[in-house]
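# Descriptive structure summary
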Amino acid sequence: MTTTELQSSSGTDRSRKRQRPIARAAAGAPSTWVVLIKIISLGVLDAVVIYAAFILALNEDWVLAAVALVAATLINWIYIRRGSLPAKYLIPGTVFLLIFQMYAIVYSGYVAFTNYGDGHIGSKEAAVEALINKSLTRVPDSPAYPMVVVEQFGQLSFLVTDPDGEALIGGEDRPLQPADADLEGDRAVAVEGYTTLDFAGVLAEQEQLAAMSVPLTDDPNDGALRTPDGSQAFVYSAKMQYDETADAFIDTATGKIYEDTGDGAFVAADGTQLMPGWKIDVGFENFVRAFTEESIRGPLIAVVLWTFVFAGFTVAATFAVGVFLALILNDWRLRFRRTFRVLVILPYAFPVFLSALIWSGMLNPQFGFINQVLFGGAQIPWLTDPILAKFSILMVSLWLGYPYMFLVATGALQSIPEELVEAAKVDGAGPWAVFRRIKLPLLMVSMAPLLIASFAFNFNNFNLIYMLTRGGPQDITTDMNVGATDILITLVYKVAFGETGGRDFGLASAFSIIIFVLVAVISVISFRRTKTLEELN
Amino acid sequence: MKVNRSAATAIFAGSAILALALTGCSAGGGGGQSSTSATLTVWVDANRVEEMQDIAAKFEDDKGIKVELVQKEYGDVMRNDFIQQVPAGEGPDVMVGGNDWLGQLVQNGVVAPLELGDTAANFSDVAIGAMTYDEVTYGLPVSLENIALLRNTALASSTPATWDELIAAGQAVVASGAAQYPVLVPSDPVDSDPYHLYPLQTSYGAPLFAFDADSGYDTSELLVGSEGGNAFAAKLVEWGAAGIINTSITGDIARDEFAAGKAPFMLSGPWNLPAFQEGGIDYAIEAIPQAGPDAPTPFVGVQGFFVSSQSKNAIAANEFVVNYLGSEEAQLALYEAGGRPPALNSAFEIASAENPDVGAFGEVGRTGVPMPSIPEMGAVWDNLGATQSALLNGTAGDPTEAWQAMTERLREVVGG
Amino acid sequence: MSVDTYPATLHTPEVNPRGEKSGRVPKGPSQRRRTARTLAAKYIVVILTSVIAVFPILYIVSASLNPNGSLAGSSGLFTKFSLENYINLFSNPAQPFAAWFMNTLLIGLVTAAGTVLLGGLAAYAFSRMRFSGRRLGLITILLVQMFPQLLAVVAIFLLMKGIGDIFPALGLNTHIGLIMVYLGGALGVNTYLMYGFFNTVPVSIDEAAKLDGAGHSRIFFTIILRLSAPVLAVVGLLSFIATINEFVIASVLLTAPEKKTLAVGLYQFIAQETSANWPVFAAGAVLAALPVVVLFFVLQKYIVSGLTAGSVK
């Protein structure tokens, strides 16, 4: 963005500045309170950024710290110098947009190149740890050992009483050996030279204790004692051994080897995987899958067609109804206009999922209001017939969506000068001509972009479809898991979150990006056809 | 330009002071943060949070560790947040949840195995089985829930031995004009309700997977497509055509109609009992009659507490879950919260002595099997529901073909 | 069907004194009858629409008054009348409904005000200034909103956790944090709405003010914003409604019971295993809709004030 002054005067402004610097300063100088707000806001911003950069630097997060500082410096520079007027007005909103919206998009973009999803959520270290913990199981029918935790020179040991009543002591990599312990009842509670930890002491060391394994004997195959609570120990044996040097798990019973094959999990030669795995980068694999996925490609044409119908109809119908109502309720002769306006926006004031639930009840074939009252008890399958289900979706979508258009149109109508309408009428234009030639074009000025945005929103209106029909009814004679009312995004959801053993966020993100590109292209094309970007004044 | 320069000075002076102030604040805050590890954070649903307070206070008194109960929306929200937050080092130490979440939790490595020690024997077998995945126990069971047959004692004096007889008896009551429906089975126009239909399905010898009480489900052995499954599919068409099982009757409607005394029988869980009591219905809770050659086995859902695998308070969490939430006192308190049979045997006995309904549902639950907890269950339910509703609505074509097509899809879903 | 016979008295007579005459003089008896018929038709349309709009909501109201009712069951509307559900809402200290209500109002109003301000500033720049990157900027803010945000919740959670590590007062479990996230959506469709409206305010007014010595900020705050009251009210209302019904992000960010919003708090009533407490939820939803209704009722004055028509001389 370059330095530009107010558009209306940019031509003359510069010359005037040269000629009458004093007058320019007086005319252009912001009022005192604007300066004050500016100073305070920038001050707060700088303080926050400096502090954040300081903390980030302490955590050696140099890149983020630098980005924060550079961004803050840029903002200061823009606001302190003269000029850059557009930037001054755009920055506040843009900062929030960049941080909170772009971040989410960038994150999705990043995830599309990973295998992030169920089973591949965390890091490899966490996965190894979880696998080790999972492989340790209590030896069936083995006895419980009463125990206390004792400490000597900062080293923790288990003091246990074995089933024969004998006291034993041992620690990590130090197998149990007999100890000459003090007994309390038949339970060893202390031993000379060691300090017995009370529960608070145990808690202070709980991370270490939870990971401790005390071998029963010198032979590791005899198992080891572990304690879940510091007062009892159990014999555990490992079903799986982790070999750190080979970076592989070995099944102790069968000898089967699970190796890290670069797929984000330990995999055996026969293809069985150990879960959890971990998150890795997979390059374009998700995109390849997105384009080759049979369960998407098969029904693709029908689904895309319906998606367009759904989004297109919803936009057109809500717009038509909304504008129509706005026009009618703009007639000052109608009484109770304020009340009527409130009534017609009511659908917008309730959570969508609540309304969707009500509608699915009203559309119930046998008991719903629509069939029972409006159709005299006919059993019309509103939600289970493929065609009727589509129709029902469209109607509910209209009901949910028109208040938005109504609100916007009501506001936008106020920008239409009454003189224009009057003038047209004087020229003999009928009501339809007035609407068609004067009101509609002027309404479109502010509403056209909204229609595009509304199309994009409905293109991905997962919630409505899912709450009303979950994409159904499904044609169960095909082997495709696709229903008559599935739109692209619900189909993607089914494939990415249901079919491959859990939710595959990587694949879902790849699909999101593809859908986004599709919608964006449509939007930009329709955008060019509107006159929104042109200078209208 | 003068204005600007002084503005710049003001900004920098102001921000320097503020930055210092912020540093001061956080120094204090930082000290507070390191001590928060002595707090046990527990995610719990709104229903249970009140009843948990006493147990939490007791733990705090005994052990000196604060228990922070965080109310969270039970269900997908809680489960997904747990899965996403635990690997990021956030999330709670302990979470309440359903056994059907377990597969996904284990798959993501976010739950820690839980050693119940010798107390495991004090819980009902089906409850412990439900909290076990791949032969490792992960949760402390708290309550069970399952469906049973409810009989309106004013309309039917006894429960017939078989499902067909039950239908006949129900139809007789309808014919007499005393009722409107022979039997109510909650359903849904689009998805039907495979959960409520499952006892009938198993009675025809077509459970989803092979099940063994010790090792749990073997999803590689898909039994749903057996000969019995075809018979069951044919029966669904028949019941649907005769209007005995009507997909228009949703859970809400079934509940309202039974509460209004319009049906002698209904398949229902304990959650509907308050409505029936309010409607003044005298009911009996009984086992679901046999429909096919086998005994019907309803699914038993088990709720319990899980410990996060990334908990910094592993020992405290373990102590709280096993020895406090596993105590009779706690199990009874949690029973008060939801009215579901407690998982601890001794608590169950006390609760059922106090409330025969609990005992009756618990009895039926003993014949049940745990709700499968494999991560693919969502897709399994979808497929089952779509096919069953098509069969009931008479839009499925040949029932055997439809059932076998569904079986093939299920095989793909579970990768068996 | 439409506004064919607008009497000129609606707007200031001096603007268009001839309009009055041309509007009234030629009216014969037949035209008057036609006017009456049009008006009657309008009443029918409006009443019919209102019925369709309100009817499904009656189910929610009915369920909220029935302590053991179901949401869409077979029982008729208003078979019972009891305030038990409403009393329940306020009687459970573990579920501080009153606090949720206030939180929601606060977050909703601040977000709405912030959206109007941030969006208005940007719209002003787009409408009144010409700079390179303007078209690109306009398209970008529209496209950004179109990204299907399947993962937004995860991303926002990680982001807010990071912010919270540095500034606990802005991070997880803070209202300011949540408002900031919502303000991330301030530049978007709303900006277009304001941009379109600003475009209809004649530049000649700016010019006049400039000659009177007003700076750009004064033109924006005292002229443009005032003349655009209808659209500001609409944007504020849209943002308010969107905010108070937002559930997904609020649920992840707010965990402490006393900090929750209505949408999050109420959802707990239905997020129980199998036994969703719909009646209490319905009661909460009805109360949550009240601020929207009240706000719209109040804002209508600004939305349809015809302020532009009066001031643009």
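Chain C appears in an unreviewed UniProt entry as Sugar ABC transporter permease from Agromyces soli. Per UniProt, chain C has the following entry under Subcellular location (unreviewed entry): "Cell membrane". Entered under Sequence similarities (unreviewed entry) in the UniProt record, the comment concerning chain C runs "Belongs to the binding-protein-dependent transport system permease family. MalFG subfamily."

In the annotation of an unreviewed UniProt entry, the entry for chain B reads Maltose ABC transporter substrate-binding protein, and the organism field reads Agromyces soli. Of the comments in the UniProt record for chain B, the one headed Sequence similarities (unreviewed entry) reads "Belongs to the bacterial solute-binding protein 1 family."

## Observations regarding the overall build of chain C
The helix and strand inventory of chain C stands at 15 helices and 0 strands. Put simply, of all contacts in chain C between residues at least 6 apart along the chain, 70% involve residues at least 24 apart. Of the roughly 11900 Å² of accessible surface on chain C, a fraction of 68% belongs to carbon and sulfur atoms.

## Quick look at the domain arrangement of chain C
All names here are of chain C. Segmenting chain C into domains produces domain 1 (8–82) and domain 2 (88–311). Across the interface of domain 1 and domain 2, roughly 570 Å² is buried in total on both sides, 80% from carbon and sulfur atoms. Counting every contact that joins domain 1 to domain 2 gives 0 salt bridges. For the interface between domain 1 and domain 2, the tally reads 0 residue pairs in polar contact (both at pLDDT 80 or more). Residues belonging to the side of domain 1 that touches domain 2 are distributed by class as follows: 5 nonpolar, 3 polar and no charged.

## Some words on the sheet that holds strand β12 (residues 283–286) of chain B
All names here are of chain B. Pairing within the open sheet is mixed, and its 4 strands lie in the order β8-β11-β7-β12. Two strands bound the open sheet, and with one partner strand each, they are β8 (183–184) and β12. Of the pairings in the sheet, the one linking β8 to strand β11 (residues 265–268) comprises 2 bridges and is parallel in character. Note on β11: the bridge partner recorded for L184 is M266. Docked against the sheet, helix α9 (residues 251–259) engages β7 (148–152), β8 and β11, running at close to 140° with respect to β11. Against the sheet, helix α14 (residues 356–366) contacts β7, β11 and β12, and its axis sits at roughly 30° relative to β12.

## Description of the interface of chain A and chain C
If you look at the interface, chain A gives 119 residues, while chain C gives 119 residues. Both faces considered, chain A and chain C share a buried interface measuring about 11500 Å² in area, 75% of it formed by carbon and sulfur atoms. Taken together, chain A and chain C are joined by 0 salt bridges. Connecting chain A to chain C are 6 residue pairs in polar contact (both at pLDDT 80 or more). Among the elements that make up the side of chain A that touches chain C, the one with the highest residue count is helix α5 (residues 85–111) of chain A (19 residues).

## A look at the packing of helix α4 (residues 97–128) of chain C against helix α7 (residues 175–183) of chain C
Residues and elements named next belong to chain C. In the contact formed by α4 and α7, the axes pass within 10 Å of each other and the chain directions differ by 40°. The orientation of α4 relative to α7 falls into the category oblique. Every pair of crossing elements has a handedness; the one defined by α4 and α7 is right-handed. Taken together, the residues of α7 that come into contact with α4 (itself represented by N103, I107, V110, T111, G114, T115 and L118) are H175, L178, I179, Y182 and L183. Tallied by class, the residues present in the contact of α4 with α7 amount to 7 nonpolar, 5 polar and no charged.

## Details of the UniProt feature "transmembrane region" (unreviewed entry) in chain C
All names here are of chain C. The UniProt feature table records "transmembrane region" (unreviewed entry) at residues 40–61, 97–124, 136–159, 179–198, 219–244 and 278–299. Span residues 40–61 is 100% helix and 0% strand, its end C-alpha atoms 30 Å apart. Between the C-alpha atoms that bound residues 97–124 the distance is 40 Å, and the span itself is 100% helix and 0% strand.

## Section: the pattern of salt bridges
Applying the stated criterion to the full structure yields 25 salt bridges over all chains. Across the salt bridge formed by R470 of chain A and D191 of chain B, the nearest N and O atoms sit 3.2 Å from each other. Separated into two different chains, R470 of chain A in the loop between α18 (462–468) and α19 (488–498) and D191 of chain B in the loop between β8 and α7 (194–203) make up a pair that spans both. The partly exposed category is assigned to R470 of chain A, whose relative accessible area is 32%. Between E238 of chain B and K235 of chain B there is a salt bridge, and its shortest N-O distance comes to 3.4 Å. Residue E238 of chain B and its partner K235 of chain B are both found in helix α8 (residues 227–242); the two are separated by 3 residues, about one turn of the helix. Overall, E238 of chain B belongs to the partly exposed group, its relative accessible area being 45%. Within the structure, one salt-bridge network assembled from shared partners comprises K124, D247 and D260 of chain A.

## Topic: the packing of aromatic side chains
All told, the structure shown has 53 aromatic pairs over all chains when counted by the stated rule. Members of the aromatic cluster, joined through ring pairs, are W163, Y204, F232, W239 and W403 of chain B. Positioned above the aromatic ring of W77 of chain A, the side-chain terminus of R81 of chain A is 4.4 Å from the ring centre.

## Brief notes about the packing of helix α13 (residues 345–354) of chain B against α14 of chain B
Residue and element names in this part refer to chain B. Axis separation between α13 and α14 bottoms out at 5 Å; the angle between their running directions is 130°. Here α14 runs oblique to α13, going by the angle between their axes. For the pair α13 and α14, contact is made by F348, A351, S352 and E354 and by P356, V358, G359, G362, E363 and R366, respectively. A class-by-class count of the residues in the contact of α13 with α14 yields 4 nonpolar, 3 polar and 3 charged.

## Structural notes on helix α20 (residues 505–529) of chain A
End to end, α20 of chain A covers 36 Å across 25 residues, agreeing with the expected 36 Å (1.5 Å per residue, within 8%). Put simply, D504 of chain A is the residue that caps the front of α20 of chain A, since its side-chain oxygen is 3.2 Å from the backbone nitrogen of G506 of chain A.

## Some remarks on the nonpolar core
Ranked by size, the top nonpolar core spans 315 residues in total, and within it F350 of chain A together with W163, L208, W239, F305 and F320 of chain B carry the most contacts. Among the elements that make up this core, the one with the highest residue count is helix α15 (residues 386–413) of chain A (15 residues). Counting residues in each nonpolar core, the second largest holds 22 residues, with I156, I163, A186 and I249 of chain C among its members.

Cut-off values and rules
Residues numbered from 1 in each chain as written. Chains lettered and ligands numbered in written order. Predicted model: local features only at pLDDT ≥ 70, side-chain atom pairs only at ≥ 80, totals over all residues. Heavy atoms only, no water. UniProt positions renumbered as here; feature names shortened; annotations may be inferred. Helix = DSSP H or I, 4+ residues; strand = E, 2+ residues; numbered from the N terminus. Contact = heavy atoms within 4.5 Å. Areas by Shrake-Rupley, 256 points an atom, 1.4 Å probe, with all protein chains shown as cover. Domains from an automatic or database assignment. Buried area = accessible area lost by both parts, 1.4 Å probe. Salt bridge = Lys/Arg side-chain N within 4 Å of Asp/Glu carboxyl O. Polar contact = N/O pair within 3.5 Å; in protein donor to acceptor, adjacent residues only side chain to side chain. Nonpolar A, V, L, I, M, F, W, Y, C, P; charged D, E, K, R; others polar. Pairing = 2+ DSSP bridges. Axes fitted to C-alpha atoms, helices over the stretch in contact; angles between N-to-C directions. Parallel < 35°, antiparallel > 145°, perpendicular 65-115°, else oblique. Left-handed = near helix turned anticlockwise from the far one by under 90°. Buried < 20%, exposed > 50% of the residue type's maximum accessible area, 1.4 Å probe, protein only. Phe/Tyr/Trp six-rings, centres within 6.5 Å; stacked < 30°, edge-to-face > 60°. Lys NZ or Arg CZ within 6 Å of the ring centre and 35° of its normal. Expected span 1.5 Å × (residues − 1). Core = buried A, V, L, I, M, F, W, Y, C linked by side-chain atoms within 4.5 Å.

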